[in-house]
Amino acid sequence: MQQVIGIRADANGEVGMGHIMRCITIAKQIKELGHETVFFTADGYANDLLKRAGMESICLDSPWNRMETETDRLLEELGKVGCQKLLVDSYQATRAYFEKIRGIGKLIYMDDCFEDVYPVDMIINYNAYHVRFPYPESYQGKAKLLLGTEYVPLREEFGREYPKKESEKAIFLSSGGGDVYDVLGGILADIEKRGGFQEEVFHVIVGRFHPNRNRLEALAEKNPKIKLHYDVSNMAEWMGQCDAAVSAAGTVLFELCAMGIPTIFFVSADNQQYDSEFFAQEERMLFAGDIRQGRAGCLSRITEGLENLIRDEAMRERMKKALRQVTDGQGAVRIAEAIVCL
């Protein structure tokens, strides 16, 4: 029997694109299994993205950071589409929120932070640091638990080989959707000031909500080696062109693992704080620190780390081997199957 599975997620200048992108990946696998999905968003920021991905969506016209105010409208819309399962992916969801919508049917929560024990039927935390939290003891059979890196929801294009189009060494730069600390501009300005990287090409991923596009465009205008890419839909292909990467922590680090790209990463949000404990181990990646606790020092460590990575081919080869052992890229399939069978 065909199911209609709802997905509640947002993307905007504050939230960034990670939540909605991983949900699109899961939704595609649910549809591959023969079921339907409907996205529910607070506002219209993600409408174009969802449309391009072939996803049906309903805008709740609610404040994204006060989710408890939307519950009546959400329940009404869920009833209209015949949805009896709902995947929620938002740090704004609370115990009270789930209590209010409990009657709809099965509830699934993407829980990166373990800030509470929620009245839901399934918890998903694919991060390696999930072991820090007492999930089994806290839920004690009340919810199905999908824990660990075997559930990382990567799109199927990650892990493929992409023939390089350029002979020059290339560096991939990404900072998430918002880049509120202007890390991309800071890295490029620091590199220009140091006068290094004369031979390398920089592929810079500029999110839809980037607050400093003008600065990035001015830097790219002065340096033809800086290539800006907007609203990227073929992220894996651009990663595959690169010899090294810089990224904010988050799901993108798992994407880089699947692609085997030696990476320097930094933390820019509380929910990323545990990533350093896993990714910096066993020389998987180089950790540049928390950008919020000293921007200049973090940028300097990023630039120095890049210099080392580009210069040291043996280090890059060791990192590639370690990275490809982290995930097999089938996490979204496992999540979709578990939701359908719930």
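The structure this text deals with has already been given above.
Since the model is a prediction, treat every value here as computed from it, not as a measurement.

Scoring rules and cut-offs
Residues numbered from 1 in each chain as written. Predicted model: local features only at pLDDT ≥ 70, side-chain atom pairs only at ≥ 80, totals over all residues. Heavy atoms only, no water. Helix = DSSP H or I, 4+ residues; strand = E, 2+ residues; numbered from the N terminus. Rg over C-alpha atoms; globule rule 2.2 N^0.38 Å. Contact = heavy atoms within 4.5 Å. Areas by Shrake-Rupley, 256 points an atom, 1.4 Å probe, with all protein chains shown as cover. Buried < 20%, exposed > 50% of the residue type's maximum accessible area, 1.4 Å probe, protein only. Arc of directions from axis to C-beta. Pairing = 2+ DSSP bridges. Axes fitted to C-alpha atoms, helices over the stretch in contact; angles between N-to-C directions. Right-handed = clockwise from strand over helix to strand, strands pointing away. Core = buried A, V, L, I, M, F, W, Y, C linked by side-chain atoms within 4.5 Å. Polar contact = N/O pair within 3.5 Å; in protein donor to acceptor, adjacent residues only side chain to side chain.

**Q** What's the story with the overall build of the chain in this structure? I'm lost.
**A** The helix and strand inventory of the chain stands at 13 helices and 13 strands. Whereas a compact globule of 342 residues would reach a radius of gyration of roughly 20 Å, the chain reaches 20 Å, a difference of no more than 12%. Its C-alpha atoms put the chain at 60 × 40 × 40 Å along the principal axes. Of the contacts made within the chain by residues no fewer than 6 positions apart, 61% connect residues no fewer than 24 positions apart. Roughly 14,700 Å² of accessible area belongs to the chain as shown, and the carbon and sulfur atoms make up 45% of that amount.

**Q** It is not clear to me how helix α7 (residues 213-222) should be interpreted in this structure. Could you clarify?
**A** The α-helix winds at 3.6 residues per turn, so residues separated by three or four positions along the chain end up facing the same way. When α7 is considered as a whole, its buried residues turn out to be Leu216, Leu219 and Ala220. Buried residues in α7, looked at end-on, bunch into an arc of 100 degrees, giving them a common side. Opposite its buried face, α7 presents the exposed residues Asn214, Glu221 and Lys222, each directed more than 90 degrees away. Packing partners of the buried residues in α7 comprise α6 (183-194), β9 (201-206) and β10 (226-230).

**Q** Would you mind going over unusual backbone geometry with me for this structure?
**A** A negative phi holds for most residues other than glycine; trans holds for most peptide bonds. Of note in this structure, Gln140 is not a glycine but carries a positive phi near 40 degrees. Residue position: Gln140 is located in the loop between α5 (135-139) and β7 (144-147). Positioned with a positive phi, Asp231 is a non-glycine residue whose angle comes to about 45 degrees.

**Q** Help me understand the sheet that holds strand β1 (residues 4-9) in this model?
**A** Either a parallel or an antiparallel arrangement is found when strands of a sheet pair, and the pairing is made through backbone hydrogen bonds. Within the open sheet, the seven strands sit side by side as β3-β2-β1-β4-β5-β6-β7. Their pairing is parallel. Each edge of the sheet is formed by a strand with only one pairing partner; in this case those strands are β3 (56-59) and β7. On average, adjacent strands in this sheet sit at an angle of 20 degrees to one another, irrespective of strand direction. Packing of helix α1 (residues 18-32) onto the sheet brings it into contact with β1, β2 (36-41), β4 (85-89) and β5 (106-110), and relative to β2 it is tilted by some 160 degrees. Sheet strands touched by helix α13 (residues 331-341): β1, β4, β5, β6 (122-125) and β7. Its angle to β4, the strand with the most contacts, is close to 140 degrees.

**Q** What am I meant to see in the pairing of strand β11 (residues 244-248) here?
**A** Along any regular strand, the residues point their side chains to alternate faces of the sheet. Of all five residues in β11, five are buried; the element is thus mostly enclosed. Because side chains alternate across β11, one face comprises the buried residues Ala244, Val246 and Ala248, and the other comprises Ala245 and Ser247, equally buried. Bridge count between strand β8 (residues 170-174) and β11: four bridges; the pairing is parallel. Note on β11: the bridge partner recorded for Phe172 is Ala245. Pairing between β11 and strand β12 (residues 263-267): four bridges, direction parallel. Across the sheet, Ser247 pairs through a bridge with Phe265, a residue of β12. Read as a crossover between parallel neighbours, the route from β11 over helix α9 (residues 251-259) to β12 is right-handed.

**Q** Would you take a moment to explain the nonpolar core for this structure?
**A** Counting residues in each nonpolar core, the largest one holds 60 residues, and the members touching the most others are Ile20, Phe39, Leu87, Met239, Leu256 and Ile339. It is α9 that contributes the most residues to this core, seven residues altogether. The residues contacting Phe39, other than those within four sequence positions of it, are Ile7, Ile20, Cys23, Ile24, Ala27, Leu50, Met55, Glu56, Ser57 and Ile58. Formed by 31 residues, the second largest nonpolar core is a distinct cluster that contains Ala248, Cys298, Ile302 and Leu309.

**Q** What exactly am I supposed to notice about the side chain of Thr41 here?
**A** Mapped onto the elements of the fold, Thr41 is located in strand β2. Under the relative-accessibility criterion, Thr41 is labelled buried at 1%. In terms of polar contacts, Thr41 uses its side chain to reach the backbone carbonyl oxygen of Asp43, at 2.8 Å. Setting aside its immediate chain neighbours within four residues, Thr41 contacts Arg8, Ala9, Asp10, Ile20, Asn47, Leu50, Ile58, Cys59, Leu60 and Asp61.

**Q** How should I be thinking about the sheet that holds β12 in this particular structure?
**A** Spatially, six strands are ordered β10-β9-β8-β11-β12-β13 in an open sheet, and the strand pairing comes out parallel. What marks the edges here is a single partner per strand, and that holds for β10 and β13 (286-290). Each adjacent strand pair in this sheet contributes to an overall mean axis angle of 15 degrees, direction not counted. Where β12 lies against β13, three bridges are found, and the strand directions are parallel. Residue pairing across strands places Ile264 opposite Leu286, the latter belonging to β13. This element, α7, spans β9 and β10 of the sheet and lies at about 145 degrees to β10.

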